[in-house]
Amino acid sequence: MKFTLSWLKEHLDTDASLSEITEKLTAIGLELEGIENPADAMRPFTVAKIISAQQHPNADKLRLLSVDDGSGNNWQVVCGAPNAVAGLVSVFAPPGTYVPGADFTIKATKIRDVESVGMMCSEKELEISDEHDGIIALPDDAPIGMSYADYAQLDDPVIDVSVTPNKQDCMGVRGIARDLAASGIGTLKPLTLPEITRSGNGPDVRSEDSEGAPAFFATTVKGVKNGPSPAWMQQRLRAIGQNPISALVDITNYIMLDHGRPLHVYDMAKLNGNLVARKAKAGEEVLALNGKTYALDDNMTVIADDDGAHDIGGIMGGEKTGAGDDTVDVLIECAYFTPESIAKTGQKLMLTSDARQRFERGVDPAFLADGLDIATALVLEICGGQASAMTKAGNAPSERRSITYCPDHCSTLGGVDVDSAVQVQILEALGFGVDQTSDAWTITVPTWRRDVVGSADIVEEIIRIKGLDMIAPVALPKSVTVAAATATPVQVLERKLRRTAAASGLNETINWSFISEKEAALFGGDWVLANPISEDLKVMRTSLLPALLSATKRNIGRGASSVRLFEIGRRYFKAKDGSSDEKLTLGIVLSGDKTARDWQSGKSSNFNPYDAKSAVENILSTAGVDVSRLMVMGDAGPHYHPGQSATLRLGPKNILAAFGALHPTAQKAFGIKGDVMAAEIYLDSIPLPKSRATMRSSYAPPSLQSVKRDFAFLLDEMTEAGKIINAIRGADKANITDARIFDRFAGEGVPDGKISLAVEVTLQPRDASFTDEDLAAISDKIIASAAKLGAELRG
Amino acid sequence: MSDIENIQNTYLAKVEAAADIESLDAIRVAAIGKKGEISLLLKTLGKMTPEERNVQGPIINGARTMIADAIAARKEALETAALNERLTSERLDMSLPAPQSHSGSVHPVSQVMDELTEIFADLGFAVAQGPEVEDDWRNFTALNIPETHPARAMHDTFYFPDKDAQEREMLLRTHTSPVQIRTMMEVAKRTEGKGEPIRIIAPGRTYRSDSDATHTPMFHQVEGLVIDKAIHMGHLKWTLETFVRAFFERDDIELRLRPSYFPFTEPSAEVDVGFSVEKGKRIIGGDRQGKEGGENGGWMEILGSGMVNPKVIENCGLDPNEWQGFAFGCGIDRLAMLKYGMDDLRAFFDGDLRWARHYGFDAHDVPTLSGGLSGKGAAA
């Protein structure tokens, strides 16, 4: 919301400086967005007279002017304007001046070999208008040497504040003045309503849509003469960035900005029959003032005559019936549109306007007749004509709300102890009524404060005017419980795994939660956005891998030779009840060099699927999972290489992780050259500690040394080595503490279709050392267990 | 010179001249081995008369001892020389690079979330979470933002065509505030409407359909909520001051509350933090001045806050006449940028390894209060 200082002072009697005013605006909740003085740019421009004008010796269309700018020097200016003749009073800019309308800085120069010092300016160059046919022509008595800024009275700072959606009253200058007055920055001037001489009946207008447009007031003014609005009005409109159009249109805009009261003017010659506010017919079209046609539905309110809808009620007037230069008789509409209805219509049509902004916040329902009077008086004053009586069709909901308020709420909620008398003073200055007959006050809310509904709102009014800097910090009471954890076990797990992953050389990334439909075709997706910001960010991911793979591709493209990335984030599924089922997941991608080329080996090495397995097992171990007990099964997913991937499961249906080499098709889809290893760990499947007890089971390290024995087996190459290891571990659980594969061999000496597997078994004696018989017995059990899987001991 | 003396000198000379362990050993065998010349001489002692033995014994034994000592000394010298030679030949160029271990990194947003969790844990705040795919009732309506409220238009919301079982529109949460709703509703349900004190923060991903140099369609927020019986704006101000000072790790940070409007708080305040300018960068805290000309310091908006609107408390099933409190919300990405000096938000979500190595954190830099959140320890 923009306004000028002089405009504010029409409503506010104050001696406060500009900076006092702008600081106060921010302090009371009207945040200063900017402040600008149009005079600043105009200060170097001066009123100057052309003493003489001679033909340029080298150019037919140019003249040599001698210009008196009151400085005592006469400047030689080369000028091409046809109206640059001796005696003309115009505007001169010396060298060094920045010309805003032409975006350049004047330099002393030679034009066709003749020196030119400074410039005579057109209206366009000063951004007064688009006029550029000649230089500015000022009256002959304009004082030579005066700054143009002073001459044109431009020294009027433009203040821009942001008005929060609750503050409809501050969508007009008068409301801002009222807030400032309440904060002690001056006095609100009384509003003098005009006396209007009327004749004849008011126009026949009515509302058939009591829900969308409960009140429709109107007056006609006949015999007007439309034309440019007066200079003072144009100057104010222009200062705040509105283009003056014509007196009739400017008047309605001016009142909207001055009082937050939108109005609309119809050219009666363009109307057929009486105006009525009604619901639109489904599909009915309106050609709006912005030149666009809008198709409406039957929840939207329009202003229509016998020919049809002209106006999207409260949002935008129609192109066909607006006032023009030749308008003679006008009808001025002042209606009350229901905020909710305006909001819905505006959202649906995706149409914003100054009127909508005000109606949807809720204009003052008690200011229809006054607003219309002010508009009528201005039309009569500026355009002449004869006003009719005012028609008041319907009623705006203008009952004043009552709120029970205890003055100590200001300190118990707002944290500021404000004296009762000061509270009353602030509230009354803002237009509230205060009845103090009992301890709990009864506050009457002004009609322009639709947002104030409860005691907390009253507290806000008082403390915002008093100043939030009055609030003294008060320590939160220390919580009663000592040393209670504030993070949930899942959060603790997430933090731990993040740092485990980072410690193992992986770099954490945070990727978009949405992926493209193309990626979703490979990885799946339950939630598809209706209004994505781009096609690449459309489907909520059900895997962390697509985004990690895209990041891998980007890194390779930037020359990275080794890519180790991870992310901890959610995958998004749809639950049966239509709500969101979000699963916390850790995703890993490894690509490029596992080890770089170095002087020892002379070559680099690549990641293989076991690196993915290692990463997964390392992280799961940190999570407290006994990795040796996990089932290794298939079904890692279609985006993995079917022969080089697996899942790790706690039970047949409880998948903790999937890992492996990426499927060549997926790899190609992401445009990555070279092998890619990937993994996902499903944090929500990892069992959390059941007990919060800190005590561990008792343990003393065995006093006897462990014994190692090696075995070599021949087995079918399709037999999973992991199963052999599990069988050996299970062969004698009391004595066998570990079994490790240390060699795997196929080829010479091993029959076709078989492999040789060498296993080191660790045996831990408990109470006494193993005897040869003990060892032989354990050995037999190991061999027997392996034999069940078809493995035979190598001789 | 006796014969024995001659023999002795001959062997001593040989020992001295022995070039390696092998020839030394041969000399040892020849001289004092089982059948060595001296050993044989020793055996002759037995056949001598006591008088002869008294004379010859010390001479022969003396010769043996001298030779044995000489061999031992020579052996040590030869071994030392051999070791020195080996060591010389085994020299490695220790300036050659060793195999590199790979150090990963923690994303600054994760690091900052851990920092926030740590700060607020000390104040008794638990961490709460909620879904990112949310329903419009919890994201808007329950927060006192009805469908037609202008504030809804201010949130550029991502919608799904789907509705949940209660016919609520599904969307991507535009802020972390629905976690307030979930937390209060859960408390209301668990206590059968009686209520109990609440202190939570809720960090997480949030979404708005906005994309330019300073906005990304996905970003991070942290929400704070305190519900109790006698909580007022003074507590809010203290909490925010404590949080901001702890987070930026300096005490000279000023806060400024400005009246504002959020449908879910009443009264509402935006919070500015004072900044100074040092070496062309904005530094949170200090005297709000510029150091060497150029831009001056001032106020920077960093979060929104207020007293929870009684309607919101009521919407969650708690009695607003009994319970009141405050809430605040703050952008985590921005906090990270202000503290650690990144200037491009988009880089947060690009996964560039070079960026991760520069701005990321070592896995072991776990924020702690004793070590200083950023791990620098106490000031000297």
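Every chain is numbered independently, its residues counted from 1 as its sequence is written. The order in which chains are written sets their letters, starting at A; the order in which ligands are written sets their numbers, starting at 1. Residues qualify for local features only when their pLDDT is at least 70, as the model is predicted, and side-chain atom pairs are given and counted only at 80 or more; totals for whole chains, interfaces and linings, by contrast, use all residues.

**Student:** Help me understand the overall build of chain B in this model?
**Tutor:** Only DSSP runs of H or I reaching four residues or more are called helices, and only runs of E reaching two or more are called strands; each is numbered from the N terminus. Along the backbone of chain B there are 12 helices and 11 strands. Relative to the compact-globule value of 21 Å for 380 residues, chain B shows a C-alpha radius of gyration of 43 Å, a clear excess of over 25%. Neighbour density around each residue's C-beta defines its exposure: 20 or more other C-beta atoms within 10 Å make it buried, 12 or fewer make it exposed, and counts between make it partly exposed, where C-beta atoms are placed from the backbone. Among the 380 residues that make up chain B, the fraction classed as buried is 44%. Remark: residues whose backbone-derived C-beta atoms lie within 7 Å of one another are considered to be in contact. Long-range pairs, those at least 24 residues apart, make up 65% of the contacts in chain B between residues at least 6 apart in sequence. The atom set for the radius of gyration is the C-alpha atoms, and the globule formula is 2.2 Å times the number of residues raised to the power 0.38.

**Student:** Would you explain helix H17 (residues 609-622) of chain A in this entry?
**Tutor:** Along an α-helix, residues three or four positions apart point the same way, because every turn accommodates 3.6 residues. Residue and element names in this part refer to chain A. If you check H17, its first and last C-alpha atoms are 20 Å apart, about what 14 residues at 1.5 Å a residue would give, namely 20 Å. Listed in full, the buried residues belonging to H17 are Pro-609, Ala-612, Lys-613, Ala-615, Val-616, Ile-619 and Leu-620. Down the axis of H17, the buried side of the element spans an arc of 160°, and every buried residue falls inside it. Contact partners of the buried residues in H17: helix H14 (489-503), strand E33 (580-595), strand E36 (640-651), strand E37 (654-662) and strand E38 (676-682). By definition here, a helix of n residues has an expected span of 1.5 Å times n minus one. The arc in question is formed by the directions pointing from the helix axis toward the C-beta atoms.

**Student:** Would you explain the sheet that holds strand E6 (residues 74-79) of chain A in this entry?
**Tutor:** Sheet strands line up and pair through hydrogen bonds in the backbone, either parallel or antiparallel. All names here are of chain A. Judged by pairing direction, the sheet is antiparallel, and its five strands sit side by side in the order E6-E5-E4-E7-E12 without closing on themselves. Two strands lie at the open edges of the sheet, namely E6 and strand E12 (119-120), each paired on one side alone. Pairing geometry for strand E4 (residues 46-55) and strand E7 (residues 89-93), over four bridges, is antiparallel. Note on E7: the bridge partner recorded for Val-47 is Val-91. Two strands are counted as paired when DSSP detects at least two bridges linking them.

**Student:** It is not clear to me how helix H5 (residues 173-182) of chain A should be interpreted in this structure. Could you clarify?
**Tutor:** With nine of 10 residues buried, H5(A) is to be regarded as a mostly interior element. Looking only at H5(A), the buried set comprises Val173(A), Arg174(A), Gly175(A), Ile176(A), Ala177(A), Arg178(A), Asp179(A), Leu180(A) and Ala182(A).

**Student:** Can you help me understand the environment of Pro751(A) in this one?
**Tutor:** All names here are of chain A. Its place among the elements puts Pro-751 in the loop between strand E40 (736-745) and strand E41 (754-763). On the neighbour-count criterion, Pro-751 (9 C-beta atoms within 10 Å) is exposed. For the pair formed by Pro-751 and Asp-716, sequence separation is 35 residues and the distance between their alpha carbons is 9.6 Å.

**Student:** Any chance you could explain the nonpolar core here in plain terms?
**Tutor:** Residues and elements named next belong to chain A. For the purposes of this analysis, a nonpolar core is taken to be any set of buried Ala, Val, Leu, Ile, Met, Phe, Trp, Tyr and Cys residues that are connected through C-beta atoms within 7 Å. With 245 residues, the main nonpolar core has Ile-332 and Val-379 as its most contacted residues. Setting aside anything within four residues of it in sequence, one finds Ile-332 in contact with Ala-218, Thr-219, Val-221, Leu-263, Val-265, Leu-372, Ala-375, Thr-376 and Val-379. Membership of the second largest hydrophobic core comes to 30 residues, among which are Leu-65, Trp-75, Ala-81 and Ala-84.

**Student:** What is the right way to look at the interface of chain B and chain A in this model?
**Tutor:** Interfaces are often sized by the amount of accessible area the parts lose when they come together. In this assembly, 70 residues from chain B lie in contact with 78 residues from chain A. Classifying every residue of the side of chain B that touches chain A by side-chain character gives 37 nonpolar, 21 polar and 12 charged. Any residue outside Ala, Val, Leu, Ile, Met, Phe, Trp, Tyr, Cys, Pro, Asp, Glu, Lys and Arg is labelled polar, Gly included; the first ten of those are nonpolar and the last four are charged.

**Student:** In this structure, what is going on with the domain arrangement of chain B? I would like to understand it.
**Tutor:** The assigned domain composition of chain B is domain 1 (3-80) and domain 2 (108-358). Segment limits for the domains were obtained from an automatic or database-derived domain assignment. For domain 1 of chain B and domain 2 of chain B, the distance between their C-alpha centroids amounts to 95 Å.

**Student:** Whenever I open this one, the confidence of the model for chain B confuses me. Can you help?
**Tutor:** Close inspection of predicted coordinates is inappropriate in any region flagged by low pLDDT. All names here are of chain B. Note on scores: pLDDT gives the predictor's confidence for each residue, bounded by 0 and 100. When the pLDDT values of chain B are averaged, the result is 91; 96% of them are 70 or greater. Mean pLDDT values over the elements of chain B span from 68, in helix H7 (residues 150-154), up to 97, in strand E11 (residues 324-331). Scoring of the predicted complex yields 0.87 for pTM and 0.89 for ipTM.

**Student:** What is the right way to read unusual backbone geometry from this model?
**Tutor:** Peptide bonds are mostly trans, and most non-glycine residues show a negative phi. Looking along the chain, the bond that leaves Glu266(B) and enters Pro267(B) is cis, with omega of -5°. Phi angles above zero are rare outside glycine, and Asp103(A) is one such case at about 55°. By the element assignment, Asp103(A) lies in the loop between strand E8 (98-99) and strand E9 (104-105). In this model, Arg112(A) sits at a positive phi of 50°, which is unusual for a non-glycine residue. With respect to the helices and strands, Arg112(A) occurs in the loop between strand E10 (109-111) and strand E11 (114-116). For Arg112(A), a count of 11 C-beta atoms within 10 Å gives the class exposed.

**Student:** I keep staring at the confidence of the model for chain A and nothing clicks. Help me out?
**Tutor:** On average, residues of chain A score 92 in pLDDT, and 99% of them are at 70 or above. Of all the helices and strands in chain A, helix H3 (residues 38-42) of chain A carries the lowest mean pLDDT, 84, while strand E29 (residues 507-508) of chain A carries the highest, 98.

**Student:** Even after reading the chapter, I still don't get the packing of helix H19 (residues 721-731) of chain A against helix H20 (residues 772-788) of chain A, so can you show me in this structure?
**Tutor:** Pairs of packed helices are described in terms of their axes, by the angle between the two and the distance that separates them. Residues and elements named next belong to chain A. In the contact formed by H19 and H20, the axes pass within 8 Å of each other and the chain directions differ by 145°. Viewed along their axes, H19 and H20 form a crossing whose handedness is right-handed. Taken together, the residues of H20 that come into contact with H19 (itself represented by Ile-724, Ala-727, Ile-728, Gly-730 and Ala-731) are Lys-781, Ile-782, Ser-785, Ala-786 and Lys-788. Looking at side-chain class alone, the contact of H19 with H20 contains six nonpolar, two polar and two charged residues. Each axis is a line fitted through C-alpha atoms, taken for helices only over the stretch in contact, and angles between the N-to-C directions span 0 to 180 degrees. Left-handed describes a crossing whose near helix is turned anticlockwise from the far helix through less than a right angle; right-handed describes the clockwise counterpart.

**Student:** Any chance you could explain the pairing of strand E22 (residues 308-312) of chain A here in plain terms?
**Tutor:** Regular strands place their side chains on alternate faces of the sheet. All names here are of chain A. Judged by how many residues are buried, E22 sits mostly within the fold: four of five residues are covered. Pairing analysis gives four bridges linking strand E21 (residues 301-305) to E22, with the strands arranged antiparallel. In the strand pairing of E22, Val-302 is matched with Ile-312. Counted between consecutive antiparallel strands, the loop separating E21 from E22 contains two residues.

**Student:** Would you mind showing me how to read the sheet that holds strand E13 (residues 158-162) of chain A here?
**Tutor:** Residue and element names in this part refer to chain A. Ordered by their spatial adjacency, three strands build an open sheet running E1-E13-E3, and the pairing between neighbours is antiparallel. Of all the strands in the sheet, just strand E1 (2-4) and strand E3 (31-36) have a single pairing partner and so form its edges. Neighbour-to-neighbour, the strand axes of the sheet open up by a mean angle of 25°, direction not taken into account. For E1 and E13, the ladder comprises three bridges, and the chain directions are antiparallel. Paired with Thr-4 across the two strands is Val-158, which belongs to E13. Along the sheet face, helix H2 (residues 18-27) touches E3 and E13 and points at about 155° away from the line of E3.

**Student:** Honestly, the environment of Glu85(B) in this entry has me stumped. Any pointers?
**Tutor:** Note on placement: Glu85(B) falls in helix H4 (residues 50-89). Separated by 141 residues in sequence, Glu85(B) and Val226(B) have C-alpha atoms that sit 77 Å apart.

**Student:** Explanation requested: the pairing of strand E23 (residues 330-336) of chain A in the structure shown.
**Tutor:** Residues and elements named next belong to chain A. Of all seven residues making up E23, seven are buried, and the element is well covered by its neighbours. The alternating pattern of E23 places Val-330, Ile-332, Cys-334 and Tyr-336 and Leu-331, Glu-333 and Ala-335 on opposite faces, both of which are buried. In this structure, strand E16 (residues 215-222) lies alongside E23, joined through seven bridges in antiparallel fashion. For Thr-220, the partnering residue across the bridge sits in E23 and is Leu-331.

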